[in-house]
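Residues per chain are reported as follows:
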Amino acid sequence: MNADLHSHSTVSDGLLPPAEVVGRAYRNGVRMLALTDHDEISGLAEARARADQLGLRFIDGVEISVSWDDYTLHIVGLNVDPAHKGLQEGLERIRRTRDSRAQRIAQALDEAGIPGALEGALAFAGNPELISRAHFARFLAQHGYARDVKAVFEHYLTWGKPGYVPHQWAELDEAIRWIHAAGGTAVIAHPGRYRMNPGEMRELVTRFRELGGEAVEVISGSHSPEQYRVYADLAREFGLLASRASDFHGPKESRMDLGKLPELPAGLKPVWQGW
Ligand code: AMP
Ligand code: MN
Ligand code: MN
Ligand code: MN
């Protein structure tokens with residue numbers, strides 16, 4: 001089964017509209033796709049309509065921004081009901097805080113000698129309710145502040161750099177609660193990105209399990225082959241289901257295209273098993 005259970009569209013920080021994400025996934029051989037925009041579910045109806053036309057199995061998803069300890073984590077919800085009020089209200093709350101964060105980022109960049117960043121980022125945002133650092137990065141790259149989007153992150157937008165501002169996202173328990181209330185399955189997104197030491201990672205997974213979290217991305221566009229093995233072992237040890245997830249944002253920006261992922265390592269239970 002070519003399943004790809006993590007992708008982005010223009011309703012968050014992806015480069016393609018929802019229907020085009022679905023079309024590209026289908027052409028790449030994906031037969032089960034989740035759209036998982038950051039803190040936003042307004043692209044799901046368009047994506048599902050296109051998937052139904054193509055005969056592609058579509059999974060309603062979302063990627064929720066969470067603060068845990070000093071870390072920002074992403075928790076993906078799969079098979080959520082987009083009409084669920086509790087989920088909608090929780091996501092609305094996070095999106096409102098994104099607004100004030102965007103203003104603080106723009107002010108920090110202004111103080112570093114880069115004016116006009118809020119307007120610049122907004123020009124790249126397909127959805128004015130959802131400004132991501134990726135939109136700032138595209139603006140900064142366009143104006144030559146660094147070679148490309150990746151370099152912009154390294155020089156401006158990550159911890160300790162001039163355009164980085166701390167932010168309080170949702171709590172881990174709230175995010176899992178919203179996902180479960182909406183009938184969904186909770187997945188730790190791209191664990192290899194969090195720069196935790198192994199002890200901290202085990203603490204996170206233990207807490208995630210206590211809260212009823214079900215799955216972890218083992219195959220991720222953010223992971224190296226070595227990390228596939230590390231997180232496959234973690235999934236087996238903690239009895240987590242395993243997900244396969246490109247985290248596709250756009251044709252030129254993403255290392256991993258939709259559906260072009262290795263198979264899950266042997267002995268893991270796919271999160272989509274039984275759907
Ligand atoms: P935000 O949720 O607004 O903090 O933005 C996070 C998004 O920025 C991620 O979902 C990626 O799309 C993007 N991003 C984060 N780090 C990097 C990086 N090092 N290179 C390229 N894109 C990144
Ligand atoms: Mn993103
Ligand atoms: Mn993420
Ligand atoms: Mn993502």
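So, here's what we can say about the structure. Model, not experiment: these values are computed from the prediction.

## Topic: the overall build of the protein chain
A count of helices and strands for the protein chain gives nine helices and eight strands. Principal axes of the C-alpha set define a box for the protein chain whose edges measure 55 × 45 × 40 Å. A total accessible area of about 11900 Å² is found for the protein chain, and carbon and sulfur atoms account for 49% of it. Taking the average location of the 31 positive side-chain charges in the protein chain and that of its 37 negative ones, the two points are 5 Å from each other.

## Examining the coordination of the manganese ion (ligand 2)
Every protein donor of the manganese ion (ligand 2) is listed here as Asp13 (OD), Asp13 (OD), His38 (NE2) and His249 (NE2), and their distances to the metal cover 2.1 to 2.7 Å. Geometry at the manganese ion (ligand 2) is irregular, judged from its six donor atoms and the angles of 52 to 157 degrees they form at the metal. On the basis of relative accessible area, Asp13 is assigned to the buried category, the value being 4%.

## Things to note about the side chain of Ser12
By secondary structure assignment, the location of Ser12 is in the loop between strand E1 (3–4) and helix H1 (18–27). Overall, Ser12 belongs to the buried group, its relative accessible area being 1%. One polar contact links Ser12 to Asp37, side chain to side chain, over a distance of 2.4 Å. A polar contact of 3.3 Å, which involves the side chain of Ser12, links it to the backbone nitrogen of His38. Those residues in contact with Ser12 that lie beyond four places of it in its chain are Asp37, His38, Leu130 and His135.

## Topic: the coordination of the manganese ion (ligand 4)
Within the protein, His6 (NE2), His8 (NE2), Glu63 (OE) and Asp247 (OD) serve as the donor atoms for the manganese ion (ligand 4), at 2.1 to 2.2 Å. Taken as a pair, the manganese ion (ligand 4) and the manganese ion (ligand 2) lie 4.7 Å from each other. Residue His8 is located in the loop between E1 and H1, and its partner Asp247 is located in the segment after strand E8 (241–245); the two are separated by 239 residues in the primary sequence. By the burial criterion, His8 is buried, and Asp247 matches it.

## Some thoughts on the pattern of salt bridges
Evaluation of the coordinates by the stated rule reveals 14 salt bridges. Of the charged contacts in the structure, one is a salt bridge between Arg48 and Asp60, with a shortest N-O distance of 2.9 Å. With Arg48 in helix H2 (residues 44–54) and Asp60 in strand E3 (residues 57–68), the pair connects residues that are twelve residues apart, well separated along the chain. The class of Arg48 is partly exposed, set by a relative accessible area of 30%. We classify Asp60 as buried; its relative accessible area is 10%. Through salt bridges that share partners, Glu40, Arg95 and Glu129 make up one connected network.

## Digging into the site of ligand 1
All residues in the neighbourhood of ligand 1 are listed as Asp13, His38, Arg98, Arg101, Ser132, Arg133, Lys150, Phe153 and His249. At a separation of 3.3 Å, an oxygen atom of ligand 1 approaches a polar side-chain atom of Ser132. At 2.9 Å from an oxygen atom of ligand 1 is found a side-chain nitrogen or oxygen belonging to His249. Out of a free accessible area of 500 Å², ligand 1 has 79% covered by protein chains. According to the grid-proximity analysis, the pocket containing ligand 1 is the largest pocket. Of all the secondary-structure elements, those providing two or more residues to the shell around ligand 1 are helix H3 (85–111) and helix H6 (149–157). For the shell around ligand 1, the class distribution of residues is one nonpolar, three polar and five charged.

## Notes on the packing of helix H5 (residues 133–142) against H6
In contact at an axis separation of 9 Å, H5 and H6 are set at 105 degrees when each is read in the N-to-C sense. Considering their axes alone, H5 and H6 lie roughly perpendicular with respect to each other. Mapping the contact onto sequence places Arg133, Ala134, Phe136, Ala137, Arg138, Leu140 and Ala141 in H5 and Val149, Val152, Phe153, Tyr156 and Leu157 in H6. Of the residues contributing to the contact of H5 with H6, the split by class is ten nonpolar, no polar and two charged.

Rules and cut-offs
- The numbering scheme is per chain: residues are counted from 1 as the chain's sequence reads.
- Whichever chain is written first is A, and whichever ligand is written first is 1; the rest continue in order.
- Predicted model: local features are reported for residues with pLDDT of at least 70 only, side-chain atom pairs are reported and counted for 80 or more only, and whole-chain, interface and lining totals are derived from all residues.
- Side-chain numbers here rest on the full set of heavy atoms in the structure, without hydrogens or water.
- The helix count covers DSSP runs of H or I at least four residues long, the strand count covers runs of E at least two residues long, and both are numbered beginning at the N terminus.
- Values of accessible area rely on a 1.4 Å probe in the Shrake-Rupley scheme; residue burial ignores everything except the protein chains shown.
- Positive charges come from Lys and Arg alone, negative charges from Asp and Glu alone, with His and the N- and C-terminal ends not counted.
- By convention, the charge on Lys lies at NZ, on Arg at CZ, on Asp at CG and on Glu at CD.
- Any nitrogen, oxygen or sulfur atom within 2.8 Å of a metal ion counts as a donor, with the limit raised to 3.2 Å for Na, K and Ca, and since water is left out, coordination shells can look unfinished.
- Sites are called tetrahedral only when four donors show all angles between 85 and 135 degrees, square planar or octahedral only when four or six donors show opposite pairs over 155 degrees and all other angles between 65 and 115, and irregular in any remaining case.
- Each residue is assigned to one of three classes by its accessible area relative to the maximum for its type, calculated with a 1.4 Å probe on protein chains only: buried under 20%, partly exposed between the two thresholds, exposed over 50%.
- Two N or O atoms count as a polar contact when they lie within 3.5 Å, although within protein this holds only if one can serve as hydrogen donor and the other as acceptor, and sequence-adjacent residues are included solely when both atoms are side-chain atoms.
- Only heavy atoms matter for contacts: two residues are in contact if any of them lie within 4.5 Å across the pair.
- Salt bridges are identified by distance alone: a Lys or Arg side-chain nitrogen within 4 Å of an Asp or Glu carboxyl oxygen.
- To be near a molecule or strand, a residue needs just one of its heavy atoms within 4 Å of it.
- Cavities and pockets are found on a 1 Å grid laid over the protein atoms alone: a cavity is a set of points where a 1.4 Å probe fits but cannot escape, a pocket is an open set with protein on both sides within 12 Å along at least five of seven lines, and a lining residue has an atom within 4 Å of such a point.
- For a cavity or pocket, the test is whether more than half of a molecule's atoms lie within 2 Å of its grid points; if they do, the molecule sits there.
- For this classification, the nonpolar set comprises Ala, Val, Leu, Ile, Met, Phe, Trp, Tyr, Cys and Pro, the charged set comprises Asp, Glu, Lys and Arg, and every other residue, Gly included, is treated as polar.
- Where helices are involved, their axes are fitted lines through C-alpha atoms of the stretch in contact, as for all axes, and angles between N-to-C directions lie from 0 to 180°.
- In this scheme, roughly parallel covers angles under 35 degrees and roughly antiparallel covers those over 145, while 65 to 115 is roughly perpendicular and the rest are oblique.

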